[in-house]
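Structural features, examined
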Amino acid sequence: MDGVTVITNPTVSVRVTSTANSFEALRRFNRAITIAEFKCKLELVVGIQASCMDLQLFSATDAFLQKLDDNEALMGSYPVDDNCRIHVIDKSGSGSGGFEDLSAVEKFQLPDEAYDKRSGNTEFKPGYWVGVKYDEPLGKHDGSVNGKQYFQCQPKYGAFVKPQYVTVGDFPEEDYGLNDEM
């Protein structure tokens, strides 16, 4: 039996599931990486830290085969074939389903009274307008137009814009390098 060479595909496509979420992802991995390196790659797929993972290997027909518990072993040293399933168990105790239960996420709510003060029909121009208070003096007024006060801000910090041009968010301050010494 001298001269027998076993040739395998250097990569394998596996299905990835986890206790942290309910979806299944199909990913391709190199068989030459260690289980520790494999766990690091799985962090991006399942959202569990590599140090908090236990891995289980299932066949293409979902029969349990074994645990992938030797971090120094190569992935190719385990019987991982195309369409096998790798199940990631989160042993951190942080709970499961944290990314799926949106009812637990605190949401920003603008009271109707505050919303009505900031948007609506105006006397200066027909149509629907949104009052915007800028962080820098890039506006046209102080929240008042033709003597009518719609909202309050410093002079040149206020403007009215059409709703389709408004993007709500917490944006980082832009640095144009104007404060740098030459």
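Scroll up to find the structure.
The structure reproduced in this document is the subject of the present report.

Here we look at the overall build of the chain
Of the regular secondary structure elements, the chain holds two helices and 10 strands. Mapped in sequence order, the helices and strands of the chain form the string β-β-α-β-β-β-α-β-β-β-β-β. Going through the 182 residues of the chain one by one, you find that 34% of them count as buried. Sequence separation of at least 24 residues holds for 50% of the intrachain contacts in the chain that already meet a minimum separation of 6. In the form shown here, the chain has an accessible surface area of approximately 13,300 Å², with 51% of it arising from carbon and sulfur atoms.

Points about the sheet that holds strand 1 (residues 11-18)
A sheet is described by the order of its strands in space; here five strands give the open sequence 2-1-5-3-4, paired in mixed fashion. Lying at the two open borders of the sheet, with one neighbouring strand each, are strand 2 (25-30) and strand 4 (64-67). Strand-to-strand twist across the sheet, computed as the mean angle between neighbouring axes with direction ignored, equals 35°. With six bridges connecting them, strand 1 and strand 2 associate as antiparallel partners. Pairing of T11 across the sheet is with N30, part of strand 2. Sheet strands in contact with helix 1 (residues 35-46) are strand 1, strand 2, strand 3 (53-58) and strand 5 (84-90), and its direction is about 95° off that of strand 3.

Things to note about the pattern of salt bridges
Pairing is possible between side chains of opposite charge, provided their charged atoms come close. Counted by the stated rule, this structure contains five salt bridges. Between D62 and R15 there is a salt bridge, and its shortest N-O distance comes to 3.2 Å. Of this pair, D62 sits in the loop between strand 3 and strand 4 while R15 sits in strand 1, and the two are 47 residues apart along the sequence. Classification of D62 by relative accessible area gives partly exposed; the value is 39%. R15 gets classed as buried once you look at its relative accessible area, which sits at 11%. A salt bridge links K91 to D54; its shortest N-O distance comes to 3.6 Å. With K91 in the loop between strand 5 and helix 2 (112-118) and D54 in strand 3, this pair connects stretches of sequence that are 37 residues apart.

Side note on the packing of aromatic side chains
For the structure on display, the rule yields seven aromatic pairs. Ring centres 5.5 Å apart and planes at 70° place the aromatic pair F58 and F64 in the edge-to-face group. Residue class for F58 comes out buried when judged on its relative accessible area of 12%. On the basis of an interplanar angle of 55° and a centroid distance of 5.0 Å, the ring pair of F124 and F160 is categorised as tilted. Here F124 is found in the loop between strand 6 (119-121) and strand 7 (128-133), whereas its partner F160 is found in strand 10 (residues 158-161), with 36 residues between them in sequence. The class for F124 is partly exposed, based on a relative accessible area of 25%. Positioned above the aromatic ring of F58 is the side chain of R85, whose terminal nitrogen or guanidinium carbon lies 4.1 Å from the ring centre. One residue, K162, lies across the ring of W129, its end atom 4.6 Å from the ring centre.

Conventions and cut-offs
Residues numbered from 1 in each chain as written. Predicted model: local features only at pLDDT ≥ 70, side-chain atom pairs only at ≥ 80, totals over all residues. Heavy atoms only, no water. Helix = DSSP H or I, 4+ residues; strand = E, 2+ residues; numbered from the N terminus. Buried < 20%, exposed > 50% of the residue type's maximum accessible area, 1.4 Å probe, protein only. Contact = heavy atoms within 4.5 Å. Areas by Shrake-Rupley, 256 points an atom, 1.4 Å probe, with all protein chains shown as cover. Pairing = 2+ DSSP bridges. Axes fitted to C-alpha atoms, helices over the stretch in contact; angles between N-to-C directions. Salt bridge = Lys/Arg side-chain N within 4 Å of Asp/Glu carboxyl O. Phe/Tyr/Trp six-rings, centres within 6.5 Å; stacked < 30°, edge-to-face > 60°. Lys NZ or Arg CZ within 6 Å of the ring centre and 35° of its normal.

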